[in-house]
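Descriptive structure summary
One-letter residues, chain by chain:
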Amino acid sequence: MEQHLSISESEWRVMKIVWSNSPQTLPEILDRLKETGWSKTTIQTYLARLVKKGALTTKRQGKGYLYYPAVSESDCQLAESRSFLSRVYDGSLSKMVMGFVKSGNLSSEELNELKSLIDQQEKTDADTR
């Protein structure tokens, strides 16, 4: 995925729908976004922006289009995470994690997951030496 791909919060909502079950037609996307209160035109604008940004691709089907993700959700999450880390924590993952740990807002389950990830990474690093 291109590093400069920037997806707005509203565009993320659209992408999550396409990622969840692709390809999708405009009527399917409209139906899944009806609770947002967005107009058809607004949703079409988001879709057009996402196509222009390279996040979605289209394929003609009858009078409409099928929308496909051009990038994976995990690639977008990683790019967004890197952008956030860069902007907020000067690129330091450890500063971000320490901030969350020190805030006391992590559950025991989340702390155990973090410990497990660190243990796995340490084991992988030791195995590659």
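Residues numbered from 1 in each chain as written. Predicted model: local features only at pLDDT ≥ 70, side-chain atom pairs only at ≥ 80, totals over all residues. Heavy atoms only, no water.

As a rule of thumb, non-glycine residues mostly have phi less than zero, and peptide bonds are mostly trans rather than cis. Omega for the bond connecting Ser 22 with Pro 23 falls within 30 degrees of zero, at 0 degrees, which places this linkage in the cis form. Among the secondary structure elements, Pro 23 is positioned in the loop between helix H1 (9–20) and strand S1 (24–25). (Helix = DSSP H or I, 4+ residues; strand = E, 2+ residues; numbered from the N terminus.)

Further remarks concern the nonpolar core. Counting 20 residues, the largest nonpolar core has Ile 7, Met 15, Ile 29 and Leu 47 as its most contacted members. At the level of secondary structure, the elements contributing two or more residues to this core comprise H1, helix H2 (26–32) and helix H3 (40–53). With 6 residues, the top contributor of residues to this core is H1. Setting aside residues no more than four positions away along its own chain, Ile 7 makes contact with Trp 12, Met 15, Leu 50, Lys 53, Ala 55, Cys 76 and Glu 80. (Core = buried A, V, L, I, M, F, W, Y, C linked by side-chain atoms within 4.5 Å. Buried < 20%, exposed > 50% of the residue type's maximum accessible area, 1.4 Å probe, protein only. Contact = heavy atoms within 4.5 Å.)

Let us now look at the environment of Ile 17. Here Ile 17 is to be found in helix H1. In this structure the C-alpha to C-alpha distance between Ile 17 and Gly 54, which are 37 residues apart in sequence, comes to 16 Å. With sequence-adjacent residues up to four places away left out, Ile 17 is seen in contact with Gln 24, Ile 29, Arg 32 and Leu 33.

Below, the discussion takes up helix H4 (residues 73–89). Counted at 1.5 Å a residue, the expected span for H4 with its 17 residues is 24 Å, and the 23 Å between its end C-alpha atoms agrees. Taken residue by residue, H4 has Cys 76, Ala 79 and Leu 85 as its buried positions. Where the residues of H4 are buried, they touch H1 and helix H5 (93–103). Of the residues one or two after H4, Asp 90 is the one with positive phi, at around 50 degrees. (Expected span 1.5 Å × (residues − 1).)

Next up on the list: the environment of Ala 55. Tracing the backbone shows Ala 55 in the loop between H3 and strand S2 (56–61). Here the alpha-carbon distance between Ala 55 and Gln 77, two residues 22 residues apart in the chain, equals 13 Å. Setting aside its immediate chain neighbours within four residues, Ala 55 contacts Leu 5, Ile 7, Met 15, Leu 50, Tyr 68, Pro 69, Ala 70 and Val 71.

Time to look at the sheet that holds S1. Sheet architecture is open: 3 strands sit in the order S1-S3-S2, paired in antiparallel fashion. Each edge of the open sheet is held by one strand with a lone partner, namely S1 and S2. The sheet contact formed by S2 and strand S3 (residues 64–69) spans 6 bridges and is antiparallel. Across the sheet, residue Thr 58 finds its bridge partner in S3, namely Tyr 67. Taken strand by strand, H1 contacts S1, S2 and S3, and its axis lies near 90 degrees from that of S3. In this fold H3 packs onto S2 and S3, with an angle of close to 115 degrees to the strand it touches most, S2. (Pairing = 2+ DSSP bridges. Axes fitted to C-alpha atoms, helices over the stretch in contact; angles between N-to-C directions.)

Inspection of the entire model under this criterion finds 3 aromatic pairs. Taking 5.0 Å as the distance between ring centres and 65 degrees as the angle between the ring planes, the aromatic pair formed by Trp 38 and Tyr 46 counts as edge-to-face. Residue Trp 38 is classed as partly exposed on the basis of its relative accessible area of 22%. Judged by its relative accessible area of 13%, Tyr 46 is buried. (Phe/Tyr/Trp six-rings, centres within 6.5 Å; stacked < 30°, edge-to-face > 60°.)

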